[in-house]
Amino acid sequence: MGADAPVRVGDAVLAAIGAIAARIRELEPAARADEPDAVHQLRTHVRRLRSVLAAYRPLFDRARVEHVRRAYREFGSELGVVRDLEVRARFAEDALDGFDAATPAMRARLVDETWAEYRSTHTRLVELMEGARPEARAAELEAFCADPPVVAGASTAAAPEVGRVLAREARRAVRRAEAADDSLGQLHRARKAARRLRYAAEAVSTPPAEVLGDAARELGAAGERIHDVLGDHRDELVLARFVRRAGAHAAHHGETASGYEQLAVEAESRAAEHLAELGPAVEELGRARRRFRRSIG
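Residues numbered from 1 in each chain as written. Predicted model: local features only at pLDDT ≥ 70, side-chain atom pairs only at ≥ 80, totals over all residues. Heavy atoms only, no water.

Let's talk about the overall build of the protein chain
And step 1. In terms of helices and strands, the protein chain carries ten helices and zero strands.
And step 2. Seen along its three principal axes, the alpha-carbon backbone of the protein chain occupies a region of about 75 × 45 × 25 Å.
And step 3. Evaluated residue by residue, the protein chain yields a buried proportion of 48% over its 297 residues.
And step 4. In the protein chain, the share of contacts with a sequence separation of at least 24, taken over all contacts with a separation of at least 6, comes to 79%. (Helix = DSSP H or I, 4+ residues; strand = E, 2+ residues; numbered from the N terminus. Buried < 20%, exposed > 50% of the residue type's maximum accessible area, 1.4 Å probe, protein only. Contact = heavy atoms within 4.5 Å.)

Have a look at this one:
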């Protein structure tokens, strides 16, 4: 990227993808060793990779993009099984810490058993991260970065093209968020669109591909807020369902189950509080989108 010539959009996006790929390589040993937050961070960067590839897909050969995205979607799913158990255990711990009716039996069912399942599932993840398939996945990403399958449009100046991509992603995120009702499917679609907007904006507004400035960072932050609101909502609902299932098992074994129902109701109440934040978050995204459109002309 010469100082005297405009940065080409393909070069900018490839720099961002290369940085994400390097971070994935760094995180994989930590995730295998189950270092604190490593599985979470690795899953986040796998999602970041897939989102950036999806947003900037028109710059590259579509088949190659989809091949990489499919390989890392599978990896993300494997990581997600482990991460979801970690989230469930931590949410259960937090809920029980503030719950006066908590009992040792509840803690054993909701926390101890979940951590045991987490450890077993992490062992399986480590097995899945070894061998020919993960090596092929990593090699495919390395080849994509080393010999990028760019198309003609990738040689245009970065800032205008990136601006068009982010404007499109912002429009998509706003529409999905505004159309979302209380159904989990619609909310999940809105969350994914906000996440893709966030990562697409962060990719080109932070080093090593900082071709846009504050307006793009603001757009990414607005997408992040919607993603976080809907993520917290989902996690509380997942906890409520899990607690009710555990309560049913407890009752089947002759244990008192009333505390489980109370805990589930409290989780659903917190979920509703998070969902109430969606409207203001969508309004914030709308304002950020308007400011961004003015900034790119």
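Some remarks on the pattern of salt bridges
And step 1. Evaluation of the coordinates by the stated rule reveals 31 salt bridges.
And step 2. The salt bridge involving glutamate 66 is made with arginine 57; its shortest N-O contact spans 2.6 Å. The exposure classification of glutamate 66 matches that of arginine 57, with both residues buried.
And step 3. In this structure, the salt-bridge partner of glutamate 202 is arginine 198, at a minimum N-O distance of 3.1 Å. Highlighted residues: glutamate 202 and arginine 198, both in helix 7 (residues 184-203), separated by four residues, approximately one helical turn. Like glutamate 202, the residue arginine 198 is buried in the burial classification. (Salt bridge = Lys/Arg side-chain N within 4 Å of Asp/Glu carboxyl O.)

Here's the deal with unusual backbone geometry
And step 1. Look at the link from proline 207 to proline 208: it is a cis peptide, with omega at 10°.
And step 2. Within the secondary structure, proline 208 sits in the loop between helix 7 and helix 8 (214-252).
And step 3. Here the phi dihedral of aspartate 34 falls at roughly 60°; this positive angle occurs in a residue that is not glycine.
And step 4. Following the sequence through the fold, aspartate 34 ends up in the loop between helix 1 (9-32) and helix 2 (38-55).
And step 5. For aspartate 34, a relative accessible area of 32% corresponds to the partly exposed category.
And step 6. With a phi close to 70°, aspartate 37 is a non-glycine residue in the positive phi region.
And step 7. Within the fold, aspartate 37 resides in the loop between helix 1 and helix 2.
And step 8. Judged by its relative accessible area of 36%, aspartate 37 is partly exposed.

Quick word on the environment of arginine 83
And step 1. For arginine 83, the location among the structural elements is in helix 3 (residues 62-97).
And step 2. For arginine 83, a relative accessible area of 16% corresponds to the buried category.
And step 3. Sequence separation between arginine 83 and histidine 252 is 169 residues; the distance between their C-alpha atoms is 29 Å.

Some thoughts on the confidence of the model for the protein chain
And step 1. Confidence along the protein chain averages 94 in pLDDT terms, with 98% of residues attaining 70 or more.
And step 2. Predicted confidence in the protein chain is weakest over helix 6 (residues 158-179), with a mean pLDDT of 94, and strongest over helix 2, with 98. (pLDDT = per-residue confidence, 0-100.)

Concerning the packing of helix 6 against helix 7
And step 1. Remark: helix 6 packs on helix 7, axes separated minimally by 8 Å, with the N-to-C direction vectors making an angle of 160°. If you check the angle between helix 6 and helix 7, you find them roughly antiparallel. In terms of crossing hand, the pair formed by helix 6 and helix 7 is left-handed. On the side of helix 6, the interface is formed by Leu166, Glu169, Ala170, Arg172, Ala173, Arg176, Ala177 and Ala179, while helix 7 contributes Gln186, Arg189, Ala190, Ala193, Ala194, Arg196, Leu197, Ala200 and Ala201.
And step 2. Its residues assigned to classes, the contact of helix 6 with helix 7 comprises eleven nonpolar, one polar and five charged. (Axes fitted to C-alpha atoms, helices over the stretch in contact; angles between N-to-C directions. Parallel < 35°, antiparallel > 145°, perpendicular 65-115°, else oblique. Left-handed = near helix turned anticlockwise from the far one by under 90°. Nonpolar A, V, L, I, M, F, W, Y, C, P; charged D, E, K, R; others polar.)

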